[in-house]
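Single-letter residue listing:
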Amino acid sequence: MSDQSEWVQRPASALKGTNCTAEQYEKMYASSLQDSDAFWAKQAERIDWFQKPSKIANWSFDPVDIKWFEDGTLNICHNAVDRHVEAGNGDRTAIIFEPDSPDGEVRTFSYADVQREVIRMANTLKKLGVAKGDRVTIYMPMVPEGAFAMLACARIGAIHSVIFGGFSPDAIAGRVDDCESDWIVTADEGLRGSKTIPLKANVDSALEKVSAKGVLVLRHTGGDVSMTDGRDHWYHELSAEVSDECLCEPMNAEDPLFILYTSGSTGKPKGVLHTTGGYAVWTETTFRYIFDYRDGEVFWCTADIGWVTGHSYIVYGPLQNGATALMFEGVPNYPDHDRFWQVCAKHKVNIFYTAPTAIRALMREGDHHVEKHDLSSLRLLGSVGEPINPEAWRWYHETVGKERIPIIDTWWQTETGGCMITTLPAAHDMKPGSAGKPFFGVQPQLVDNEGAELEGAASGNLCITHSWPGQARTVYGDHERFIQTYFSTYPGKYFTGDGCRRDEDGYYWITGRVDDVINVSGHRMGTAEVESALVLHPKVSEAAVVGFPHDIKGQGIYCYVTLMDGVEESDELSAELRQWVRKEIGPIATPDHLHFTPALPKTRSGKIMRRILRKIGENEFGSLGDTSTLADPGVVDALIEGRKNR
Ligand code: ATP
Ligand code: MG
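As the structure is a prediction and not an experimental result, all values here were calculated from the model.

Colleague: Could you give me a rundown of the UniProt feature "domain: AMP-binding enzyme C-terminal" (unreviewed entry) in the protein, with the residues and numbers involved?
Modeller: Mapped onto the present numbering, the UniProt feature "domain: AMP-binding enzyme C-terminal" (unreviewed entry) falls at residues 529-607. End C-alpha to end C-alpha, residues 529-607 measures 16 Å, and it is 28% helix and 32% strand.

In structure tokens, the structure reads:
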């Protein structure tokens, strides 16, 4: 597509006071490959170690065994909190909390406040019975106490498993059971878009299926909940008399830090395990260079702490850097579609990091929501979670960024711990729709279906050939599944599951998951490409494309399309859109079916579940697979009805 090769220059404003210029990037990237150990030993110097590591990397992808900094000891909570206080920066703002309602109370926590709150939480967990190595399930609303609970676990050496507050009792039970977690931290209720979410009641239902020794309950909304004697404890009661001292437990670099279940767009969620030292170095370094953070700035990542993005870029990355992180309890469209921009203006946000699904949704509602607010504080915009189609990229760039600030499109995964492929704001010009270049130490490789390396400009399966500090070490309790999922397709390489194109400038374009590639009459096409073409049409808000069995072509193209607010569906529009795609990409990409739908099935993290759409496209309604991570099951029922009527 023509517009995909267009450069957008990084604005001059991005170049001032930066952590990394173009020359520095080239030099550092080269040295990160040439002498990886020396490079990472140097980055690791910004971490406070109790015992400095003498060994840097020790890994193999065949057999699979990954270790970084293995004889070092540290505590990531010390690095995120205590050391800033000890360095005299206790007054600096660590967390700004913006509540669900714009009229609610903003709470601000300095690093000294966070230290006090984390110690209180840590000692309360100990009082409950939590010990080093125990798994603690955190099922919390987006409130600072959620972050405190994570940091408290890290402080005492317990392994946290955060479950997004929108998950159902079944999903909680499955995850609690999978990692044999005896302890749960939750709240009475959550609050999103003025609706309450019965967190404690959901935990109670989950605990009819699995057992827990103790449940700690934060009073948040004040809603009514039932408490089981001996098992459930109010946080404010149990914490009333705990000590205000709690040492940070010295952890080996390879001690587990957390388990996080992936969002489940491809199958049964996996308990991805991250360890302490490598993850600390990776999140500290990626945050520093990619977000190019400068002292005093306000950083806002809109993800939930229940996703890896929240772990790495609300909690561990920003706090290890002594940054000010904004935490937002609510949703983008409450009380109105301008909430994100209202919050940006209110707190003078400098760096804003969100997902394409949110960008597309807000774009659909019109520019006036953005234009109402003074967004002059913004210096950098970021995107993560799915390929961002060039149309949405441009809207983000022009309407939100007024063409004066860079966008970073960060490609990464739960399994990678932090960003892997992205432009750096001052080092690289951008191409809308391309994530950009590999971060330090990241060695991407494109391979064909037989695993042979593709050189230069090429399209293929995205693998990583060298370990990086933030890499997941295993699937909790199932190392075999870890090997099977990531290292068996192309032995000796980490396979990401994503398809990707590298252009002549060495920029990477994620084309979607490999499972989603469609093969039309022998032509392989990424679903992202067809979706981008559809979304480029002014009447289309969102599109999801899947393949379906086709007698002649092998696979046909099935497009689910959501229209802009107020646009009526019609046969004429359907024909027009097919022509449109044909013109944008070529006759080979002409859609066979266009299925208008008011909504697409998404995971709770907002990703389109193409796996389910594929089944519906194939008329296979009985075998939709695991649907526990679906945000709104009603959407699927409606789509099935629509399919049957075709
Ligand atoms: P599961 O692994 O359970 O199916 P998931 O892959 O959606 O779920 P995540 O780890 O949250 O879970 O998402 C990582 C995936 O998201 C990547 O593999 C990629 O497909 C997609 N992704 C993330 N960021 C980007 C980006 N900037 N551009 C393109 N795709 C992205
Ligand atoms: Mg995945």
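Once the structure has been displayed, the description carries forward.
Colleague: Can you tell me about the sheet that holds strand β22 (residues 453-454), naming the residues and giving the values?
Modeller: One open sheet holds the five strands; their spatial order is β22-β21-β23-β25-β26, and the pairing between them is antiparallel. The open sheet has two edge strands, β22 and β26 (508-513), and neither has a second partner. Judged from the two bridges that link them, strand β21 (residues 444-447) and β22 form a sheet pairing that is antiparallel. Bridged to V447 within β22 is E453.

Colleague: So what about helix α4 (residues 111-128)? Which residues, and what values?
Modeller: In this model, α4 (18 residues) spans 25 Å end to end at C-alpha, consistent with the 26 Å of a helix rising 1.5 Å per residue. Y111, V114, Q115, E117, V118, I119, M121, A122, N123, T124, L125 and L128 are the residues of α4 that are buried. One or two positions beyond α4, positive phi appears at G129, with a value near 125°.

Colleague: How would you sum up the sheet that holds strand β7 (residues 159-162)? Please name residues and give values.
Modeller: The mixed open sheet is built from eight strands, whose spatial order is β12-β11-β8-β6-β7-β14-β15-β24. Strand pairing shows two members of the sheet lacking a second neighbour, β12 (232-234) and β24 (474-475), which therefore form its edges. Relative to the sheet, α4 contacts β8 (183-187), β11 (214-218) and β12, its axis offset from that of β11 by approximately 150°.

Colleague: Summarise the packing of helix α18 (residues 610-617) against helix α19 (residues 633-644); cite the residues concerned and give the values.
Modeller: Contact geometry of α18 with α19 gives a least axis separation of 10 Å together with a crossing angle of 25°. With respect to α19, the axis of α18 lies roughly parallel. For α18 against α19, the interelement crossing comes out right-handed. Each of I612, L613, I616 and G617 in α18 lies in contact with α19, whose residues at this interface are V636, L639, I640 and R643. Considered class by class, the residues forming the contact of α18 with α19 number six nonpolar, one polar and one charged.

Colleague: Which residues make up the confidence of the model for the protein, and what values do they have?
Modeller: Of the residues in the protein, 98% have a pLDDT of 70 or more, and the chain-wide mean is 94. ipTM for the predicted complex: 0.99, alongside a pTM of 0.92.

Colleague: Which residues make up the pairing of strand β30 (residues 554-563), and what are the values?
Modeller: Among the 10 residues that make up β30, eight are buried, leaving the element largely enclosed by the rest of the structure. Between strand β29 (residues 540-550) and β30, which pair antiparallel in sequence order, lie three residues. With four bridges connecting them, β30 and strand β31 (residues 593-596) associate as parallel partners. Of the residues in β31, the one forming a bridge with Y558 is H593. Each parallel crossover has a hand, and for β30 linked through helix α17 (residues 571-584) to β31 it is right-handed.

Colleague: For the nonpolar core, give the residues involved together with the corresponding values.
Modeller: Within the largest apolar cluster, 132 residues are counted, with the highest numbers of intra-cluster contacts made by L151 and F440. Per-element tally for this core: the top contributor is helix α5 (residues 144-156), with nine residues. Here F440 is in contact with C20, Y25, M28, Y29, S32, F39, W40, W282, Y289 and L424, once residues within four sequence places are set aside. Of all hydrophobic cores here, the second largest spans 29 residues; its members include V8, F352, I388 and A392.

Colleague: Kindly report on the environment of L462, identifying the contributing residues and their values.
Modeller: Along the chain, the position of L462 falls in strand β23 (residues 458-464). Judged by its relative accessible area of 0%, L462 is buried. For the pair L462 and G497, spaced 35 residues apart in sequence, the C-alpha separation works out to 7.0 Å.

Colleague: Quick one: what's the story with helix α3 (residues 76-89), residue by residue and with numbers?
Modeller: If you look at α3, its biggest bend is around 45°, right at D82. Residues of α3 that are buried include every one of I76, C77, H78, N79, A80, V81, D82, R83 and H84, and no others. At the N-terminal end of α3, a side-chain oxygen is found 2.8 Å from the backbone nitrogen of C77, two or three residues along, and the residue is N75.

Colleague: Requested: an account of the packing of aromatic side chains, with residues and values cited.
Modeller: Per the stated rule, a full pass over the model turns up 42 aromatic pairs. Plain terms: the ring middles of W49 and F69 are 5.5 Å apart, the flat faces sit at 50° to each other, and that makes the pair tilted. On the criterion of sequence distance, the pair formed by W49 in the loop between α2 (36-43) and β1 (57-61) and F69 in the loop between β2 (64-68) and β3 (73-74) is long-range, its members being 20 residues apart. Centre to centre, the rings of F258 and Y279 are 5.0 Å apart; their planes meet at 85°, and the pair counts as edge-to-face. Here F258, found in strand β14 (residues 256-261), pairs with Y279, found in helix α9 (residues 276-290); they are 21 residues apart in sequence, far enough to count as distant. Members of the aromatic cluster, each reached through a chain of ring pairs, are Y25, Y29, F39, W40, W282, Y289, F439 and F440.

Colleague: Go over the UniProt feature "modified residue: N6-acetyllysine" (unreviewed entry) in the protein with me, naming the residues and quoting the values.
Modeller: If you check UniProt for "modified residue: N6-acetyllysine" (unreviewed entry), the listed places come out as K607 in our numbering. Tracing the backbone through its elements, the reader meets K607 in the loop between β31 and α18. A polar contact of 3.1 Å, which involves the side chain of K607, links it to the backbone oxygen of G385.

Cut-offs and rules
- Residues numbered from 1 in each chain as written.
- Chains lettered and ligands numbered in written order.
- Predicted model: local features only at pLDDT ≥ 70, side-chain atom pairs only at ≥ 80, totals over all residues.
- Heavy atoms only, no water.
- UniProt positions renumbered as here; feature names shortened; annotations may be inferred.
- Helix = DSSP H or I, 4+ residues; strand = E, 2+ residues; numbered from the N terminus.
- Pairing = 2+ DSSP bridges.
- Expected span 1.5 Å × (residues − 1).
- Buried < 20%, exposed > 50% of the residue type's maximum accessible area, 1.4 Å probe, protein only.
- Contact = heavy atoms within 4.5 Å.
- Axes fitted to C-alpha atoms, helices over the stretch in contact; angles between N-to-C directions.
- Parallel < 35°, antiparallel > 145°, perpendicular 65-115°, else oblique.
- Left-handed = near helix turned anticlockwise from the far one by under 90°.
- Nonpolar A, V, L, I, M, F, W, Y, C, P; charged D, E, K, R; others polar.
- pLDDT = per-residue confidence, 0-100.
- Right-handed = clockwise from strand over helix to strand, strands pointing away.
- Core = buried A, V, L, I, M, F, W, Y, C linked by side-chain atoms within 4.5 Å.
- Bend = angle between axes of the 7 residues up to and from the residue.
- Polar contact = N/O pair within 3.5 Å; in protein donor to acceptor, adjacent residues only side chain to side chain.
- Phe/Tyr/Trp six-rings, centres within 6.5 Å; stacked < 30°, edge-to-face > 60°.

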